[in-house]
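# Geometric and topological summary
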Amino acid sequence: MHTFIHTRYSNHPSDVKKYDTEQLREHFVIESLFSADEIHGVYSLNDRLIVGGIFPQSKSLELETVDQLKSTSFLERREIGIINVGASCTIDVNGESFTLNHKEALYIGKGAEKVVFHPSESGDALLYFNSAPAHTSFPTTKVDKSNAEIVELGSAENSNARTIYKLIVNSVVSTCQLQMGMTELKTGSVWNTMPAHTHDRRMEAYFYFDLQAGQTVCHFMGEPQETRHMWLTNHQAIICPPWSIHSGAGTSNYTFIWGMAGENLDYGDMDIVSPDQLR
Ligand SMILES: O=C[C@H](O)[C@@H](O)CC(=O)C(=O)O
Ligand SMILES: [Zn+2]
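How each quantity is defined
- Residues numbered from 1 in each chain as written.
- Chains lettered and ligands numbered in written order.
- Predicted model: local features only at pLDDT ≥ 70, side-chain atom pairs only at ≥ 80, totals over all residues.
- Pairing = 2+ DSSP bridges.
- Helix = DSSP H or I, 4+ residues; strand = E, 2+ residues; numbered from the N terminus.
- Near = placed C-beta within 6 Å.
- Nonpolar A, V, L, I, M, F, W, Y, C, P; charged D, E, K, R; others polar.
- Buried ≥ 20, exposed ≤ 12 C-beta atoms within 10 Å, placed from the backbone.
- Contact = placed C-beta atoms within 7 Å.
- UniProt positions renumbered as here; feature names shortened; annotations may be inferred.
- Core = buried A, V, L, I, M, F, W, Y, C linked by C-beta atoms within 7 Å.

## What about the sheet that holds strand S19 (residues 217-223)?
Taken in spatial order, the four strands line up as S16-S22-S19-S20 in an open sheet, and their pairing is antiparallel. On the outer flanks of this sheet lie strand S16 (191-192) and strand S20 (226-232), each paired with one strand and no other. Bridge count for S19 against strand S22 (residues 247-250) is four bridges, and the pairing is antiparallel. By the bridge assignment, Phe220 is partnered in S22 with Ser247.

Here it is in structure tokens:
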């Protein structure tokens, strides 16, 4: 057994108002995702998204099922999206091999029985994943910057110039619930997802990386008029309930992965909050 998935419950917004720093972190922050030759993650009861990290340092790791699923294989009733945030490695899906380079994504549909993650030559392949319940099986598909949908957003004046790579979204890949992508901040730009938004139909998880040692991102959550903040460092993730904004400002630029599951696959379904309306 090399897989460790911990359950996190859903929260009522009026409870979250009363959380102190420790409680906010315990419920929402995933402090550590990568441990050598192990798979670590969180099973969130927000839309049952599993958020995790796979680090095959010196041996191959099979995606094994976990107690929470009561299934014979992890993907028996689920789909998964994987993004490589480390060195190139290969992933075998029912005997077919896919090479995933840095910042490339792989979608694997429901029903794939045997998924194996192999170490990179340098031993530092790091795979971040999101998995959601699925009702049908869609083909395994690799997405990289050449077939992603790429959007430039923000401006240097607003300190939020960034490139959004929509990787596992329904204009690119067929999925049941999952949508994932990656957003790179330009040098000197620090704000992601500003203006902030909510989408009560979908929960979301953010994973921060490409953050230099000693730097940090202040991540904001909460109802738009009742926000809270948590400081995150490189390779930390955070669960955002459907009723919450999700936005952050770094002490430098950085990259993050966003992933969603829920009611619809409509990326544009967002209730935008004007910055001067936040509290
Ligand atoms: O619902 C969509 C997600 O919050 C992200 O795609 C937003 C984002 O990457 C950004 O604005 O920087
Ligand atoms: Zn969002």
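## Section: the site of ligand 1
Around ligand 1 sit Arg162, Ile164, Gly181, Thr183, Asn192, Thr193, Glu204, His246, Trp258 and Met270, and those are all the residues in its vicinity. For the shell around ligand 1, the secondary-structure elements that each account for two or more residues are strand S14 (162-168) and strand S15 (179-185). Its residues assigned to classes, the shell around ligand 1 shows three nonpolar, five polar and two charged.

## Some words on the sheet that holds strand S13 (residues 149-153)
Picture the strands of a sheet paired through backbone hydrogen bonds; they go either parallel or antiparallel. Strands sit in the order S2-S21-S18-S23-S15-S14-S13 across an open sheet of seven strands; the sheet is antiparallel. Single-partner strands in this sheet number two, and they are strand S2 (29-30) and S13. Direction of pairing for S15 relative to strand S23 (residues 255-262): antiparallel, over a ladder of six bridges. When the sheet's bridge partners are listed, Glu184 is paired in S23 with Thr255.

## Side note on the pairing of strand S6 (residues 78-84)
Every other side chain in a regular strand lies on the same face of the sheet, so the side chains alternate between the two faces. Burial analysis of S6 places seven of its seven residues in the buried class, which makes it a mostly covered element. Judged by which residues are buried, S6 turns out to be covered on both faces: Arg78, Ile80, Ile82 and Asn84 on one side and Glu79, Gly81 and Ile83 on the other are all buried. Examined bridge by bridge, S6 and strand S11 (residues 127-133) share seven bridges and lie antiparallel to one another. Along S11, the bridge assignment pairs Asn84 with Leu127. Pairing of S6 with strand S9 (residues 105-108) involves four bridges; the strand directions are antiparallel. Considered in S9, the bridge of Ile83 is made with Ala105.

## Comments concerning the environment of Gly248
Among the secondary structure elements, Gly248 is positioned in strand S22. Sequence separation between Gly248 and Lys186 is 62 residues; the distance between their C-alpha atoms is 14 Å. When near neighbours in sequence (up to four residues on either side) are disregarded, Gly248 contacts Asn192, Val217, Cys218, His219 and Phe220.

## Details of the UniProt feature "binding site: Zn(2+)" (unreviewed entry) in the chain
Following the UniProt record, one finds the feature "binding site: Zn(2+)" (unreviewed entry) at His197, His199, Glu204 and His246. In terms of the greatest pairwise C-alpha distance, the residues named above, spread along 50 residues, form a tight cluster of at most 11.4 Å across. Mapped onto the fold, His199 is located in the loop between strand S17 (197-198) and strand S18 (202-209). In this structure His199 touches Pro242, Asp269, Met270 and Asp271, once residues within four positions along its chain are discounted. One can find His246 in the loop between strand S21 (237-240) and S22. Classification of His246 as buried rests on a count of 25 C-beta atoms within 10 Å. Setting aside chain neighbours within four positions, we find His246 in contact with Thr193, Glu204, Tyr206, Met221 and Cys240.

## Topic: the nonpolar core
Formed by 71 residues in total, the largest nonpolar core has its most connected members in Ile83, Ala105, Leu167, Ile168, Ala205, Tyr206 and Ile238. In contact with Ile168, other than residues within four places in its own chain, are Gly81, Ala105, Tyr107, Val143, Val173, Thr175, Leu178, Gln179 and Met180.

## Here's the deal with the pairing of S9
Side chains of S9 alternate between two faces, with Ala105 and Tyr107 and Leu106 and Ile108 buried alike. Pairing between S9 and strand S12 (residues 141-143): three bridges, direction antiparallel. Its bridge partner lying in S12, Leu106 is registered against Lys142.

## Some thoughts on unusual backbone geometry
Here Met194 and Pro195 are connected by a cis peptide whose omega angle stands at 0°. Position of Pro195 relative to the elements: it lies in the loop between S16 and S17. Its identity as a non-glycine residue notwithstanding, Asp47 has a phi of 55°, on the positive side. Its 20 C-beta neighbours within 10 Å are what place Asp47 among the buried residues. Of note, the phi angle at Lys103 is positive, near 70°, even though the residue is not glycine. When the 20 C-beta atoms within 10 Å are taken as the criterion, Lys103 is described as buried.

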